[in-house]
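Spelled out, the chains give:
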Amino acid sequence: MKKIFATLLFSATLMGAAQAQSATTAATATDSKTMTKADKEAAKEKKEADLTSAFKQAGLTRDEEIKSRGVLEESNDKSREVKNDASIGEDEKKEKLDAIYKERNDQLKSVMGNEKYKAFKAAQKAQKEAAGK
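Right, let's walk through the structure included here.

### Some words on helix α3 (residues 62-84)
An α-helix turns once every 3.6 residues. As a result, residues three or four positions apart point the same way.
Phase 1: In this model, α3 (23 residues) spans 33 Å end to end at C-alpha, consistent with the 33 Å of a helix rising 1.5 Å per residue.
Phase 2: Listed as buried for α3 are Glu 64, Glu 65, Ser 68, Arg 69, Val 71, Leu 72, Ser 75, Ser 79 and Val 82.

Structure below.
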């Protein structure tokens, strides 16, 4: 009888420990998916710094930079709308996003010119590689 009681007690302890461990893991996973306000602000500042740096590396004039920012903001707004649209399927979303990105790139090329556009894209690629993406 003592062996059975000891076995049950041991099993209950192990089950409790396993339960606590999985609850902690689930809470950690949820926390990692949500960004704090400070994290969002830091990411926004880094994105802005990277964009400014890419513009400088491409040698854009102030006017070209302003126009490029407008094109990028418009593209971001359109792509956000498509991504948040629950009424369309994933394939249609991909097609719409591809069209938005192509339009954005064409507009950036017309604002910047081919050489500056290539330099801008190369700077962005270098930033992504440096960040490990």
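### Section: the nonpolar core
Phase 1: Core analysis: the largest hydrophobic core is formed by twelve residues, namely Leu 51, Ala 54, Phe 55, Ala 58, Leu 60, Val 71, Leu 72, Leu 108, Met 112, Tyr 117, Phe 120 and Ala 123.
Phase 2: Counting only elements with at least two residues in this core, the list comes to α2 (37-58), α3, α4 (90-112) and α5 (114-131).
Phase 3: Beyond its immediate stretch of four places on either side in the chain, Met 112 contacts Phe 55, Leu 60, Glu 64, Ser 68, Tyr 117 and Phe 120.

### Examining the pattern of salt bridges
Phase 1: As enumerated under the stated definition, the model contains twelve salt bridges in all.
Phase 2: Close ionic contact of Arg 69 with Glu 65 constitutes a salt bridge, the shortest N to O distance being 3.2 Å. One end of the pair, Arg 69, and the other, Glu 65, are both in helix α3, four residues apart, so they sit about a helical turn from each other.
Phase 3: The exposure class of Glu 65 is buried, given its relative accessible area of 13%.

### Brief notes about the packing of α2 against α3
Phase 1: Close contact between α2 and α3 brings their axes to 11 Å; oriented N to C, the two are set at 135°. Considered as vectors, α2 and α3 are oriented oblique to each other. In the crossing of α2 with α3, the sense of the turn from one axis to the other is right-handed. From α2, Lys 47, Glu 48, Leu 51, Thr 52 and Phe 55 reach across to α3, where they touch Glu 65, Ser 68, Arg 69, Leu 72 and Asn 76.
Phase 2: Of the residues in the contact of α2 with α3, the class split is three nonpolar, three polar and four charged.

Parameters and conventions
- Residues numbered from 1 in each chain as written.
- Predicted model: local features only at pLDDT ≥ 70, side-chain atom pairs only at ≥ 80, totals over all residues.
- Heavy atoms only, no water.
- Helix = DSSP H or I, 4+ residues; strand = E, 2+ residues; numbered from the N terminus.
- Expected span 1.5 Å × (residues − 1).
- Buried < 20%, exposed > 50% of the residue type's maximum accessible area, 1.4 Å probe, protein only.
- Core = buried A, V, L, I, M, F, W, Y, C linked by side-chain atoms within 4.5 Å.
- Contact = heavy atoms within 4.5 Å.
- Salt bridge = Lys/Arg side-chain N within 4 Å of Asp/Glu carboxyl O.
- Axes fitted to C-alpha atoms, helices over the stretch in contact; angles between N-to-C directions.
- Parallel < 35°, antiparallel > 145°, perpendicular 65-115°, else oblique.
- Left-handed = near helix turned anticlockwise from the far one by under 90°.
- Nonpolar A, V, L, I, M, F, W, Y, C, P; charged D, E, K, R; others polar.

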